[in-house]
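So you can see what is in the structure, the chains are spelled out below.
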Amino acid sequence: MSIRTHLLLSYFSLIIMIFLGIWVMGNRILTSTSAANEHFVEEGVLSLTRTNYLLAEEVLTQIGEAVVRDKAEDVARELSYLLRGRKSYDYARMRLDRKLRQIAIQTIHSLGRAAGYTDVYDNKGFILFHPDPAVEGKNQLDWKESYPETTALIQRSLTKDYISGYFTFFDVHKKERRRYSVRVHVPGTPFIVGAIVNIDEFFQPTQHRMRKASQESLDRARVAIQRHKDSVIRQVQGWGLAGGGLFFGLSCIFGFGFAASLSRPLRRLRDGVRQIGEGDFSVAVPARGVREVVHLARSFNELGRQLTDYMEKRDFIRDTFGRYVTQEVVKKLLEDRDALELGGDKREVSMLMSDLRGFTAIIATMDPEDVITFLNRYLERMIDILVGHHAVIDEIMGDGILAFFGAPEDMEDHPARAVACALAMQAAMADLNAENARDGLPLLEMGVAVNTGTVVVGNIGSEKRTKFSIIGAPVNVASRMEGFCVGGQVLVSDATYRAVAHLVEVGEVYTVQMKGMPQAATLYEVRAIAGPWPVRLPPRRGSLHPLAAPMAVRLRVLKGKIMREPLPQAMVTALSENAVHLTGEGELHPWEDVSLTLLDDHRQDLAGVIYGKVVAAETAADRHFKATVRFTFISPEAQAQLQRRLAEG
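The rules behind each value
Residues numbered from 1 in each chain as written. Predicted model: local features only at pLDDT ≥ 70, side-chain atom pairs only at ≥ 80, totals over all residues. Heavy atoms only, no water. Helix = DSSP H or I, 4+ residues; strand = E, 2+ residues; numbered from the N terminus. Buried < 20%, exposed > 50% of the residue type's maximum accessible area, 1.4 Å probe, protein only. Contact = heavy atoms within 4.5 Å. Areas by Shrake-Rupley, 256 points an atom, 1.4 Å probe, with all protein chains shown as cover. Pairing = 2+ DSSP bridges. Patch = residues over 30% accessible without salt bridge, like charges linked within 9 Å, V, L, I, M, F, W, Y side chains within 5 Å. Salt bridge = Lys/Arg side-chain N within 4 Å of Asp/Glu carboxyl O. Core = buried A, V, L, I, M, F, W, Y, C linked by side-chain atoms within 4.5 Å. Phe/Tyr/Trp six-rings, centres within 6.5 Å; stacked < 30°, edge-to-face > 60°. Axes fitted to C-alpha atoms, helices over the stretch in contact; angles between N-to-C directions. Left-handed = near helix turned anticlockwise from the far one by under 90°. Lys, Arg positive; Asp, Glu negative; His and termini not counted. Charge placed at Lys NZ, Arg CZ, Asp CG, Glu CD. Polar contact = N/O pair within 3.5 Å; in protein donor to acceptor, adjacent residues only side chain to side chain. Expected span 1.5 Å × (residues − 1). Arc of directions from axis to C-beta.

Engineer: Just checking my understanding: could you explain the overall build of the chain for this structure?
Structural biologist: A count of helices and strands for the chain gives 14 helices and 22 strands. For the chain, the proportion of its 649 residues judged to be buried stands at 45%. At a minimum sequence separation of 6, the contacts of the chain that also span at least 24 residues come to 63%. Accessible surface, the chain: about 34,500 Å² in total, of which carbon and sulfur atoms supply 54%.

Engineer: How should I be thinking about the pairing of strand E16 (residues 545–559) in this particular structure?
Structural biologist: Remark: a regular strand shows side chains that alternate across the two faces of the sheet. Pairing analysis gives four bridges linking E16 to strand E18 (residues 569–575), with the strands arranged antiparallel. Within E18, the residue paired with Ala 552 across the bridge is Met 571. With six bridges connecting them, E16 and strand E20 (residues 593–598) associate as antiparallel partners. Paired with Leu 558 across the two strands is Asp 593, which belongs to E20. Pairing between E16 and strand E17 (residues 562–563): two bridges, direction antiparallel. Across the sheet, the residue bridging to Leu 558 is Met 563, located in E17.

Engineer: Help me out: how do you make sense of a nonpolar patch on the surface in this one?
Structural biologist: On the surface, a cluster of nonpolar side chains totalling about 210 Å² of accessible area is made up of Val 456, Ile 460 and Ile 471. Residue position: Val 456 is located in strand E10 (residues 446–461).

Engineer: Whenever I open this one, the environment of Glu 505 confuses me. Can you help?
Structural biologist: For Glu 505, the position within the fold is in strand E13 (residues 504–512). Separated by 24 residues in sequence, Glu 505 and Ile 529 have C-alpha atoms that sit 6.3 Å apart. Apart from residues lying up to four places away in sequence, Glu 505 is in contact with Glu 525, Val 526, Arg 527, Ala 528 and Arg 536.

Engineer: How should I be thinking about the nonpolar core in this particular structure?
Structural biologist: The tendency in soluble globular proteins is for nonpolar side chains to be buried side by side. One finds Leu 352, Tyr 378, Met 382, Leu 386, Val 419 and Leu 444 to be the most contacted residues of the largest nonpolar core, which totals 46 residues. For this core, the secondary-structure elements that each account for two or more residues are strand E7 (343–356), helix H9 (359–362), helix H10 (368–388), strand E9 (400–405), helix H11 (414–438), E10, strand E12 (490–492) and strand E14 (521–529). Top element by residues in this core is H11. It accounts for twelve residues. Leaving out residues up to four positions away in the same chain, Val 419 has contacts with Val 450, Val 492, Thr 496, Val 500, Val 504, Val 526 and Ile 529. Residues Val 75, Tyr 89, Tyr 166 and Val 197 belong to the second largest nonpolar core, which totals 25 residues.

Engineer: Looking at this model, I keep getting lost on the pattern of salt bridges. Mind explaining?
Structural biologist: Oppositely charged side chains can form a pair if their charged atoms are brought close together. In this structure the tally under the stated criterion is 18 salt bridges. For Asp 74, the salt bridge identified is with Arg 77, shortest N-O distance 2.9 Å. Here the residue Asp 74 and the residue Arg 77 both occupy positions in helix H1 (residues 3–83), the gap between them amounting to three residues, near one helical turn. On the basis of relative accessible area, Asp 74 is assigned to the partly exposed category, the value being 35%. Its relative accessible area of 44% is what places Arg 77 among the partly exposed residues.

Engineer: How should I be thinking about the packing of aromatic side chains in this particular structure?
Structural biologist: Aromatic rings considered in pairs are described by the distance between their centres and by the relative angle of their planes. Per the stated rule, a full pass over the model turns up eight aromatic pairs. Each ring, one from Tyr 91 and one from Phe 191, has its centre 5.8 Å from the other, and the planes form 50°; the classification is tilted. Of the two residues, Tyr 91 sits in helix H2 (residues 91–96) while Phe 191 sits in strand E6 (residues 191–198), which places them 100 residues apart along the sequence. According to the relative accessible area criterion, Tyr 91 is partly exposed, its value standing at 23%.

Engineer: For this particular structure, what's the right way to read the packing of H10 against H11?
Structural biologist: Between two packed helices, what matters for the description is the angle formed by their axes and the separation of those axes. Their axes nearest at 10 Å, the elements H10 and H11 cross at an angle of 145°. Note on packing geometry: the crossing formed by H10 with H11 is right-handed. Only Cys 421, Ala 424, Met 425, Ala 428, Met 429, Asp 431, Leu 432, Glu 435 and Asn 436 of H11 make contact with H10, whose side of the interface consists of Phe 374, Arg 377, Tyr 378, Arg 381, Met 382, Ile 385 and Leu 386.

Engineer: Hey, could you run me through a negative patch on the surface in this one?
Structural biologist: A contiguous patch of negative charge, built from Glu 78, Asp 367, Glu 369 and Asp 370, is present on the exposed surface. Its place among the elements puts Glu 78 in helix H1.

Engineer: How do you make sense of the side chain of Thr 628 when you look at a structure like this?
Structural biologist: Looking at the secondary structure, you find Thr 628 in strand E22 (residues 624–634). Of the polar contacts made by the side chain of Thr 628, one reaches the side chain of His 581; its length is 3.4 Å. Other than its neighbours up to four places away in sequence, Thr 628 contacts Leu 544, Val 580, His 581, Lys 613, Val 614, Val 615 and Ala 616.

Engineer: Whenever I open this one, the environment of Arg 305 confuses me. Can you help?
Structural biologist: Among the structural elements, Arg 305 can be located in helix H7 (residues 291–322). Overall, Arg 305 belongs to the partly exposed group, its relative accessible area being 48%. The spacing of Arg 305 and Val 283 is 22 residues in sequence and 9.0 Å in space, taken between C-alpha atoms.

Engineer: Mind showing me how you'd approach helix H14 (residues 636–648) here?
Structural biologist: Note on helix geometry: an α-helix contains 3.6 residues per turn, so any two residues three or four positions apart are oriented the same way. In this model H14 runs 19 Å from its N-terminal to its C-terminal C-alpha over 13 residues, within 8% of the 18 Å that 1.5 Å per residue would give. Those residues of H14 lying buried are Ala 638, Leu 642 and Arg 645. Summarising the axial view, the buried residues of H14 lie within an arc of 60°, below the 170-degree limit, and thus occupy one face. Along H14, exposed side chains directed more than 90 degrees from the buried face belong to Pro 636 and Ala 647. In this fold, the buried residues of H14 make contact with E16, E18, E20, strand E21 (610–619) and E22.

Just geometry here; none of it tells us what the structure is for.
Here's what the structure looks like:
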């Protein structure tokens, strides 16, 4: 064999070996990289799905509990409107009343399908209304042995106005499941509303959808990765054969260049998968290189967008949860597992307690739907202000609000922030009342109290029902203080005043005796605050105008919900739009709640009623008093009478 032939054979052998080496290496790189991509993608999707399962179950369970509670309270409220005050109840006739049955038996839905129902029974346990007519008229207490957990809830509901709890049952497939039940007494009647749901109906449909979407995305990613891997392998083989058959040098250059064109985007994909596994779903790799690699990069970027959509859905759940729990508390619960443990710690906070004056009398003649609209308009305005000042809203009790500043996050300026928030709430009442006046709704007046003290802040309740709240004597003091407020006032305690004295302008200063406190307390009426949140309340409305002839009124003192006998004699000697000066016989003390009925010349009651609070009073030794009463509610009829007397002078 000639040297030329040997060299040619060696050369051709070298070309074949290089070609085969490149071929084998390319196949191995693509296979291992594709497998790694599939593994990283699968781990990332499964990890995110598991996290979302737990979050959806926790959040939607609490939402489900809130839905059940609201449904039970709504049914109890509607039944109370129809049934309260009756001396007797004919159960058979009531069951024939289609309207009562429609209100009493309602289906509770979740995601468009039934998750539970409501029923009604009396305080002896006998079932009045039930979705299954066969059990109506039977006593639920007779099923104690068959359903001990349910019977225990029913027995508790016979003596308590509101209870809730879980119990287990077995469905038609013999699978153990949980039910959540809320039992609410119908005010003014012997009946109790029960709302029962299969609690897992609130989160299992969502988890099923998440599982299905996750599997679909994972399957699409696997198919795309495999398809692009196969395509790239075919391209490598074809280009390798062509390059090996033409020129050795070109084959080498092309081989190295092609390997580089594959390795760089694949490394980017590998790094991107790792970043997704670490939680960065916004990562995107450049779509450069050969067509198949570009397609693979685009598929990877599409997967990142799909995972981002999952995160947006999780944020939606979190924001929805935030409508029922203050956002600061939601953030703490989601970011800190220890935040779910029961217990708390001592913390100095500032508490804000607000309440509308005479709200019960205002809504007495309004339809329930109008009351909700009316109240929601007020609460929406107040809650926006509270959230804007970073308050944690502890509780909304009808028209009353309890909020606090300084927890769960530390807040050094919590006294000033709380006072500024209270003044902002009062200042907003002018625009709110202007809007009410345009809609023909009654005007509202609010009292706000702020107290500062050391309380216990934390999770209070049980493993099944927990509330992030505050407890302690300062909370009770804030509640007592709010009772001394008249409309348009912001009262702060001595502890709060000492912290903000350099920022505020003070009006009246009161020394009051609070229930349960051995010593008198000093309360300060704040009219303005400077600093980061400057607010100034407008001047009070006009002063009292003496009447040419005193006007007789019937004056009663209110103690809690009890109205005492009228005082022997009471006369209005001076009058303004929101207050009167009284003289009369009997005893009257500061801060008492009173009702006034205007009398005609024959001492007969005129139409309308006035409720007010005694802001100043003195009683002489001969049991004659002089007092100033600030109105908390005045009916339209009484207001017309007073305006006529003001015009007469």
